[in-house]
Amino acid sequence: MTRVKICGISRPEDALVAARAGADFVGLVFAPSRRRVTSEKAKPIVEALQRIKTRPLVVGIFVNEPYDYVNRIAEAVELDLVQLSGDETLDYCLKISRPLIKVCHISAGKTARQVIEEITAGLEILPSGRLTYLLDTHTDAMYGGSGRTFDWSLAREVAARFPVIVAGGLDPENVAKLIREVRPWGVDVSSGVETGRLKDPAKIRDFIRAAKAG
């Protein structure tokens, strides 16, 4: 079954909605973003999840931060995984203490072959289970959460080779179609489950339901 990550969580109540609806991961953004959380704000979210019997894994999202800062936050907040959404190198990845999700940014001219080569190189350094790739739309203005889709045919070709997570412009209405066409290991959503710049419980539940059914 397709794994689901609800990203950009900034309130304990939203994390609990996602958990109870069956999310596999929740993402806390520690990078510049309107969804950014501090370690002080993240701790109550993690603590709320730790009190329930079956909980999603907590992913901390970072962009081009010093590796020792990332490891310090991961330890303090008790993150399960770290997501690197910037321009971090594979040498940098080796210095992170937690299992990793590494974002591969898909620009207009990028080919499936280039993405496959990038993932192959990463998995030669860090094995599957320690490193998972996430495909997201490249924009000049931001490193993620743009709400824009990219070419799903590219994602389909990559997903046939590797267990990848797909993000970018997903919402409760299109996620099942993406899953049928691409068959990814996982899907990721942030803006697609928001209303008025806040997480919408109904949209979170609808997205997870559609993804699991898809």
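Numbering of residues begins from 1 in every chain and follows the order in which that chain's sequence is written. Per-residue local features are limited, in this predicted model, to residues with pLDDT of at least 70; the limit for side-chain atom pairs, both in listing and counting, is 80 or more; totals at the level of whole chains, interfaces and linings are taken over all residues. The side-chain quantities take in all heavy atoms of the structure and omit both hydrogens and water.

Engineer: What is the right way to read the overall build of the protein from this model?
Structural biologist: In DSSP terms, a helix is any run of H or I states spanning at least four residues, a strand is any run of E spanning at least two, and both are numbered starting from the N terminus. Counting its secondary structure elements, the protein contains eight helices and 10 strands. The globule rule used for comparison is 2.2 Å times the number of residues to the exponent 0.38, while the radius of gyration itself is calculated over C-alpha atoms. Here the C-alpha atoms of the protein give a radius of gyration of 16 Å, agreeing with the 17 Å that 2.2 N^0.38 yields for 214 residues. Principal-axis analysis of the C-alpha atoms gives the protein an extent of 45 × 40 × 30 Å. To sort residues, take the accessible area from a 1.4 Å probe on protein chains only and compare it with the maximum for the residue type: under 20% means buried, over 50% means exposed, and anything in between is partly exposed. Split into buried and exposed, the 214 residues of the protein put 53% on the buried side. Taking the intrachain contacts of the protein between residues at least 6 apart in sequence as the baseline, contacts between residues at least 24 apart amount to 59%. Surface exposure of the protein reaches about 9900 Å², of which carbon and sulfur atoms provide 49%. Within the protein, the 27 negative side-chain charges are centred at a point lying 4 Å from the centre of the 31 positive side-chain charges. The contact criterion used throughout is that any non-hydrogen atoms of two residues lie within 4.5 Å. Only the protein chains shown count as cover for residues, with accessible areas throughout obtained via the Shrake-Rupley method and a probe of 1.4 Å. Charged residues are defined narrowly, with Lys and Arg counted positive, Asp and Glu counted negative, and His plus the chain ends left uncounted. Throughout, a charge is located at the NZ atom of Lys, the CZ atom of Arg, the CG atom of Asp or the CD atom of Glu.

Engineer: Can you help me understand the packing of aromatic side chains in this one?
Structural biologist: Remark: the centre distance and the inter-plane angle together describe each pair of aromatic rings, the angle taken between the planes. Whether two aromatic rings pair depends on their centres lying within 6.5 Å, for rings of Phe, Tyr and Trp, where Trp uses its six-membered ring; planes under 30 degrees apart make the pair stacked, over 60 edge-to-face, and the rest tilted. Inspection of the entire model under this criterion finds three aromatic pairs. Judged by centre distance (6.2 Å) and plane angle (85°), the ring pair of F62 and Y69 falls under edge-to-face. Note on Y69: relative accessible area 22%, which makes it partly exposed. Put simply, the rings of F30, F62 and Y69 touch in pairs and so form one group of aromatic residues.

Engineer: What am I meant to see in the pattern of salt bridges here?
Structural biologist: Note on pairing: side chains with opposite charge can pair once their charged atoms come close. Any carboxyl oxygen of Asp or Glu within 4 Å of a side-chain nitrogen of Lys or Arg constitutes a salt bridge here. Within this structure, the stated rule accounts for 14 salt bridges. Across the pair E13 and R11 runs a salt bridge whose closest N-O atoms are separated by 3.8 Å. Notably, a salt bridge pairs E194 with R34, separated by 2.6 Å at the nearest N-O pair. Of this pair, E194 sits in strand 9 (residues 194-195) while R34 sits in the loop between strand 2 (25-29) and helix 2 (39-50); the two residues are 160 residues apart in sequence, bridging distant segments of the chain. For E194, a relative accessible area of 10% translates into the label buried.

Engineer: Help me understand the sheet that holds strand 4 (residues 81-84), please; the structure alone is not making it clear to me.
Structural biologist: Note: strands within a sheet are paired through backbone hydrogen bonds, in either parallel or antiparallel orientation. DSSP calls a pair of strands paired once it identifies at least 2 bridges connecting them. The sheet built from eight strands closes into a barrel, its strands ordered 1-2-3-4-5-6-7-8 with parallel pairing. Pairing of strand 1 (residues 3-6) with strand 8 (residues 186-189) involves four bridges; the strand directions are parallel. The residue bridging I6 from the neighbouring strand is V189, located in strand 8. Most of the contacts of helix 2 go to strand 2, to which it runs at about 170°, and overall it touches strand 2 and strand 3 (57-62). All axes are obtained by fitting lines to C-alpha atoms, using only the stretch in contact for helices, and the reported angles, taken between N-to-C directions, cover 0 to 180 degrees. Strands in contact with helix 8 (residues 201-213) are strand 1 and strand 8; relative to strand 1, the strand with the most contacts, it is inclined by about 160°.

Engineer: Explanation requested: the pairing of strand 1 in the structure shown.
Structural biologist: On a regular strand, each side chain points to the face opposite its neighbour's, so the side chains alternate between the two faces of the sheet. Of the pairings in the sheet, the one linking strand 1 to strand 2 comprises two bridges and is parallel in character. The residue of strand 2 that forms the bridge with I6 is V26. Consider the strands pointing away from the viewer: the crossover is right-handed when the path from the first strand over the helix to the second runs clockwise. Running through helix 1 (residues 12-21), the crossover from strand 1 to the neighbouring parallel element strand 2 is right-handed.

Engineer: Just to check I follow, could you spell out the packing of helix 1 against helix 2 for this structure?
Structural biologist: Between two packed helices, the angle of one axis relative to the other and the distance separating the axes together describe the packing. Contact geometry for helix 1 and helix 2: axes closest at 8 Å, N-to-C directions at 35°. Handedness of the crossing formed by helix 1 with helix 2: right-handed. For the pair helix 1 and helix 2, the contacting residues are P12, A15, L16 and A19 in the first and P44, I45, A48 and L49 in the second. Taken together, the residues of the contact of helix 1 with helix 2 break down into eight nonpolar, no polar and no charged. Throughout, a crossing is termed right-handed when the near helix is turned clockwise from the far one, and left-handed when it is turned anticlockwise from it by less than a right angle. Asp, Glu, Lys and Arg are counted as charged, while Ala, Val, Leu, Ile, Met, Phe, Trp, Tyr, Cys and Pro are counted as nonpolar; the rest, among them Gly, fall into the polar class.

Engineer: Explain the side chain of N174 to me, please; I cannot follow it from the model alone.
Structural biologist: As for its placement among the helices and strands, N174 is situated in the loop between strand 7 (165-166) and helix 7 (175-182). The class of N174 is buried, set by a relative accessible area of 16%. Between N or O atoms, a polar contact is any pair within 3.5 Å; within protein, one atom must be a potential hydrogen donor and the other a potential acceptor, and residues adjacent in sequence are included only when both atoms are from side chains. Polar contacts involving the side chain of N174 include one to the main-chain amide nitrogen of D171, which spans 2.8 Å.

Engineer: Before we go on, may I ask you to explain the environment of K43 in this structure?
Structural biologist: The residue K43 is located in helix 2 in this model. Since its relative accessible area comes to 35%, K43 is described here as partly exposed. Counting along the chain gives 34 residues from K43 to V77, while the straight-line C-alpha distance between them is 5.5 Å.

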